[in-house]
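Below, each chain spelled out in residue letters.
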Amino acid sequence: MKKTAYAGMILLLTAVGCQSQDAGTSTETGPVEVEMWSLFSGGDQAYMQSLIDGFNESQEEYEVVMPAPSEAADHYTKVVTSVAANRGPDMAVAHASIIPEFYNLGLTKPIDNPAENAGLDLTEVNENILQTLKMEDNKIHSYPIDTHPTVMFFNKTLLEEAGLLTESGEVDMEETPEGFVDFYKRAEEALPDTIPLAIPTVGYDAFTVWWAFYHQMGGTDMYSDDLQEPEVTMDNETAVEAAEYLKSMFGKEGFIPPNISDPYEQFQTDRALSLMTGVWGTGIWETDESFEFIAQPIPTLFDEPATYGDSHTLFIPEQESTTDEKTAGAAAFMNYLHENQAQWAQAGHIPANDEVTDSEEFNEMPYRSDYAGVVENVEQPSGTIYSNMSIDVMMRNLDEIWAGRVTPQEGIENLEQELDELVK
Amino acid sequence: MSQTKNTLLQRNRDPYLRIKILIGVILAGVFLFPIIWMLFVSVKPQDMSITAPLNWFTPPYTLSNYASVMGESDVLLWLFNSAFVGFATTVITLIVTSLAAFAISKIKFRYRRAIFLFFLAGMMVPGEATIIPLFEIVKSMNLLDSYTALILPMTASPIGVIILKSFFDGVPDELMESAKIDGCSHWRLYWNIVLPLAKPAMAAIAIFTFIGSWNNFLWPFLAIVSEELYTLPIGIPSFNSTYSTTYMLPMTVNAIASLPVIIAFLIFEKQIVKGVSFTGIKG
Amino acid sequence: MKNQALRNDILAGMFLLPFFLIYVVFTIFPIFKGLQMSFFDWSLIEKGEFAGFSQYTALFTDPDFWQSLWNTTLFVILSTPGMILLALVLALLANINVGSKLRTFLRGSYFIPSILSVSVISYIAIFMLQPYSGIVNNLLNSFGLEGQVYWLANPVLAWVSIVGVTLWWTVGFNFILFLTSLQDIPDSYYEAAEIDGATRWQMFKDVTLPQLIPISRVIFLLQVLASFKVFAQILLITDGGPGTATRPLIQYIYEMGFEQYDLGYAAAMSYVLFFILLIFSVIQIRSGGQGRMI
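The structure presented is a predicted model; accordingly, all values stated were derived computationally and were not measured.

**Examining the interface of chain C and chain B**
Reasoning step 1: With 106 residues of chain C in contact, the opposing surface of chain B contributes 115 residues.
Reasoning step 2: A buried area of about 10000 Å², summed over both sides, lies between chain C and chain B, and 75% of it is on carbon and sulfur atoms.
Reasoning step 3: Counting the surface chain C buries against chain B, the share from its top three residues, C:Phe15, C:Phe19 and C:Phe26, is 9%.
Reasoning step 4: Measuring nitrogen to oxygen at the nearest pair gives 3.7 Å for the salt bridge that ties B:Glu128 to C:Lys229.
Reasoning step 5: Viewed at the interface, chain B and chain C are joined by 19 residue pairs in polar contact (both at pLDDT 80 or more).
Reasoning step 6: The greatest single-element share of the side of chain C that touches chain B, amounting to 24 residues, is contributed by helix H1 (residues 2-37) of chain C.
Reasoning step 7: Of the residues belonging to the side of chain C that touches chain B, the class tally is 72 nonpolar, 24 polar and 10 charged.

What follows is the structure in structure tokens.
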């Protein structure tokens, strides 16, 4: 009696243990299943799904499947953990900034050969982006599908109402530090109940705006260009200056009210005049036909045009369970994406395939052409295994400044110190 | 007898009884309030915007949140996983700890004391502080991301062995001897005589093992990647973190996760309370 | 006779084997594995080169490590007194001798949050504490407090929230331990005191409290041990924020190991936690053991 119970228990355990192990292997007939994990939200995810559907219909050899996405931070942890456990996906979405780190962990498979076999011509990819994905071994470790810079969005109806449009329909703003502030003072007067500029005091958006100002002021890269042992090369003074300028916009004296909870929603429902965020905003708001907005590069308030940007890329994890067959399937999908990046651009992104960016199909799409030129001015954290982690460090320390818990001077000092600790 | 006497005595003499009851009941209200609030929110229509505190509790009510949560999330799967993992962990823990405790208590063998001390030492090993190497070990066994990973490492409970051993020690050796003379093997002794006598201790261990497994967060958080294997503590945040302003769906998921344990608690309250005071475990 | 001894050894071995294997592999071996890992560069993916003591020296100069260790300690300091005093008060309230229905109701009410999952209680807390729409601020506003309290955006309030939520969630365990001890005090003690003409306060001070001292010691040590392991509710409610103001040690270990993929460093920090907890465990076991059974 007891023995059977015990044996049954063991049997049950092995049975369920094996169950999850076997998931994902293909049957002998039918297409090879290629599992892809993503970090997209909302619109991006839907556009990617329709591309996957298109790929699956276009051929019969492979079938790409994409489970529900995770948030970026969780996504990366999940990918690395699962690859370590040899249960990872066959292909995963990752930002270009994290690829050096993944390469250093031995996580990424070079894609040059698979791409060639699949007929994917990597020379068509934007050279700047491609360079950031070429590692020490002189091989490309990830395939970029776009650039997504931070740009600026205005609610057109509200601009008109406030008389902040020029006769030719452009935003009536002088591109200087004072002109920018002056624009929002006028906006506040004309629309007292509207949030002039909706940037949350914590997180990504504020960081990217600071980053843009810093680089517009001529700020240098955070780290020297060394994969494993870079040095901190941040320009302290400029960083403080950029932080002070942005900080002055927050709070009572400024025009970014505290605790903005849902800027996208507030913008779309006419409660906020403008915001600065990633280009995916275009993909979200243009589906609302009654909503009129303007998308344009972040104004060049200082010496040179610059903005923050990163790229979505696809990489193939280095693990036993990703067979040559699955690798080939992943490359075939990359090739399909390469040819159909215009469709991906519907999500708002700027294609990484130069052929597509130059194509008529892309240039006829509204909004995108208004900011596609930004690609030349994108400053991207990359080149070292610490780039992605440094984004977290910067965000966290800048949040402290925006919340007023430290002065810009102190905040940047802490930031520099933490960047330094990171590489040690 | 003395209980009633004591009651009478205190009732007669305690001038603050009414105040004590009042405070006790108010505090009970404070403790129950968040749970009641959660249950009410889960039956509010999704598009309601609520400003006055009372509005959270007044009609209209709807059960549609439950339908949409079950459609949009895998909450029922997580519920099953939590229940299955909890059940399997409990059963295996009971089997292996009682076998080991029986050997230490009732079989005379070499190194008996040394082995008992070796088990006793395990009580001092804080699981949270060895979770990183545990992860590495389970990884190298190629068991990450499986039910086995969730269940097996949580079943070697030294406290269980120690509690059961002291219980088995109470079974008189004469009983054992006479059974042996009747031709009972040790296995039969274990199964037919000692185990039935240890039922209260087994129940206590079962309860704290199950509660521990049900609420375990850190280990599944590290060891599980696939959503099919999520337990409730891992699944709930993955669902709820996508909501920041609508209350109804997150609270519905919470309610679905909580109602079974609340009901189980109401049924087994006596045993659970006994189990807790018996073993002194911490959540 | 020798044969019999050998038979017993084998028999005992069979009874012990299942537990022994699981125990050695998953409880004992990790202690040594962790020590090994802390002396290597060890990524989430693979073992790297021998690193000597460099993980430990890095740890001593890492302000984030010290801050997170301090945060954990602060949590222990802030939560332990409340965890014990509130549990005692609740036990005294629930121990009044009136109808058993009321007693069961009180006992159940105080204990029931303890059985809820940490994820459930965390999300209840997050939503109740939200500015503008959360019911806590709603209530404060209807009591006449103007404006909004940002419970999770300010370090002090974030700690208040975390400690408060944890108190509500887990005080039930200590409460039950106190309650059982209270009920174990023999009635004859009170009767004797009564004959001596003791007042109620004297009875409480001279009979009840002294009888509760042993269990209080157990509860205190169990509480410190449990509080040092704080992680999940902070991760879920504040994610260690604002900034890193509430990030506890286990969260920092997690971030190093699983977000920065540095298991070697995470293992070294775990070892520090290991020794802190070990000290309290030893004290606890020497001073009377786990609960009432040992």
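Past the structure itself, the notes keep going.
**Let's talk about the domain arrangement of chain C**
Reasoning step 1: On domain assignment, one finds that chain C holds domain 1 (1-28) and domain 2 (62-286).
Reasoning step 2: Computed over C-alpha atoms only, the centres of domain 1 of chain C and domain 2 of chain C are separated by 40 Å.

**Quick notes on unusual backbone geometry**
Reasoning step 1: Between B:Pro59 and B:Pro60 the backbone carries a cis peptide bond, its omega angle lying at 5°.
Reasoning step 2: Here the residue pair C:Gly241 and C:Pro242 is connected by a cis peptide bond, since its omega of 0° sits within 30 degrees of zero.
Reasoning step 3: Along the chain, C:Pro242 falls in the loop between helix H10 (232-237) and helix H11 (249-259).
Reasoning step 4: Even without glycine at this site, A:Asn86 takes up a positive phi of about 60°.
Reasoning step 5: Counting through the fold element by element, A:Asn86 comes out in the loop between helix H3 (72-84) and strand S3 (91-95).
Reasoning step 6: With phi around 60°, B:Asp145 is a residue other than glycine that occupies positive phi space.

**Re the pattern of salt bridges**
Residue and element names in this part refer to chain C.
Reasoning step 1: Considering all chains together, one arrives at 17 salt bridges over all chains under this definition.
Reasoning step 2: When the shortest N-O distance is used, the salt bridge between Asp64 and Arg247 registers 3.7 Å. One end of the pair, Asp64, is in helix H3 (residues 63-94); the other, Arg247, is in the loop between H10 and H11, with 183 residues separating them in the sequence.
Reasoning step 3: Judged by relative accessible area, which is 13%, Asp64 ranks as buried.
Reasoning step 4: Arg247 gets classed as buried once you look at its relative accessible area, which sits at 3%.
Reasoning step 5: A salt bridge links Glu255 to Arg247; the shortest N-O distance between them is 2.7 Å. One exposure class covers both Glu255 and Arg247, and it is buried.

**Concerning the domain arrangement of chain A**
Residues and elements named next belong to chain A.
Reasoning step 1: Here the domain parsing of chain A yields domain 1 (23-145 + 311-339) and domain 2 (149-310 + 379-422).
Reasoning step 2: Listed per partner, the contact involves 15 residues of domain 1 and 16 residues of domain 2.
Reasoning step 3: Summed over both sides, the interface between domain 1 and domain 2 buries roughly 1200 Å², with carbon and sulfur atoms accounting for 53% of that surface.
Reasoning step 4: Looking at the side of domain 1 facing domain 2, the largest losses of area belong to Ser97, Glu101 and Asn104, adding up to 39% of the total buried there.
Reasoning step 5: Viewed at the interface, domain 2 and domain 1 are joined by three residue pairs in polar contact (both at pLDDT 80 or more).
Reasoning step 6: Of all the secondary-structure elements, those providing two or more residues to the side of domain 1 that touches domain 2 are helix H2 (42-58) and helix H4 (99-104).
Reasoning step 7: Considering each element in turn, the side of domain 1 that touches domain 2 owes the most residues, four residues, to H4.

**Structural notes on the environment of A:Asn104**
All names here are of chain A.
Reasoning step 1: Inspection of the secondary structure puts Asn104 in helix H4.
Reasoning step 2: A relative accessible area of 33% means that Asn104 is categorised as partly exposed.
Reasoning step 3: Counting along the chain gives 170 residues from Asn104 to Ser274, while the straight-line C-alpha distance between them is 40 Å.
Reasoning step 4: The residues touching Asn104, leaving out its near neighbours within four places in the chain, are Gln228 and Ile385.

Cut-offs applied
Counting restarts for each chain: residues are numbered from 1 in the order of the written sequence. Note on labels: chains are lettered from A, ligands numbered from 1, in written order. A pLDDT threshold of at least 70 governs which residues receive local features in this predicted model, and a stricter bar of 80 or more applies before side-chain atom pairs are shown or counted, although totals over entire chains, interfaces and linings include all residues. Heavy atoms throughout the structure, all of them, feed into the side-chain values; hydrogens and water do not. We call two residues in contact whenever any of their non-hydrogen atoms come within 4.5 Å of each other. By definition, the buried area sums, over both parts, the 1.4 Å-probe accessible area that each loses when the two are put together. Every case where a carboxyl oxygen of Asp or Glu lies within 4 Å of a side-chain nitrogen of Lys or Arg is listed as a salt bridge. Polar contacts, as used here, are pairs of N or O atoms within 3.5 Å; protein pairs need one atom able to donate a hydrogen and one able to accept it. Residues neighboring in sequence count only if both atoms are side-chain atoms. Numbering of helices and strands runs from the N terminus; a helix is a DSSP stretch of H or I covering at least four residues, while a strand is a stretch of E covering at least two. Note on residue categories: nonpolar means Ala, Val, Leu, Ile, Met, Phe, Trp, Tyr, Cys or Pro, charged means Asp, Glu, Lys or Arg, and polar means any other residue, Gly included. How far each domain reaches was decided by an automatic or database domain assignment. For every residue, the accessible area (1.4 Å probe, protein chains only) is compared with the maximum for its type, and the residue is labelled buried under 20%, exposed over 50%, or partly exposed between those bounds.

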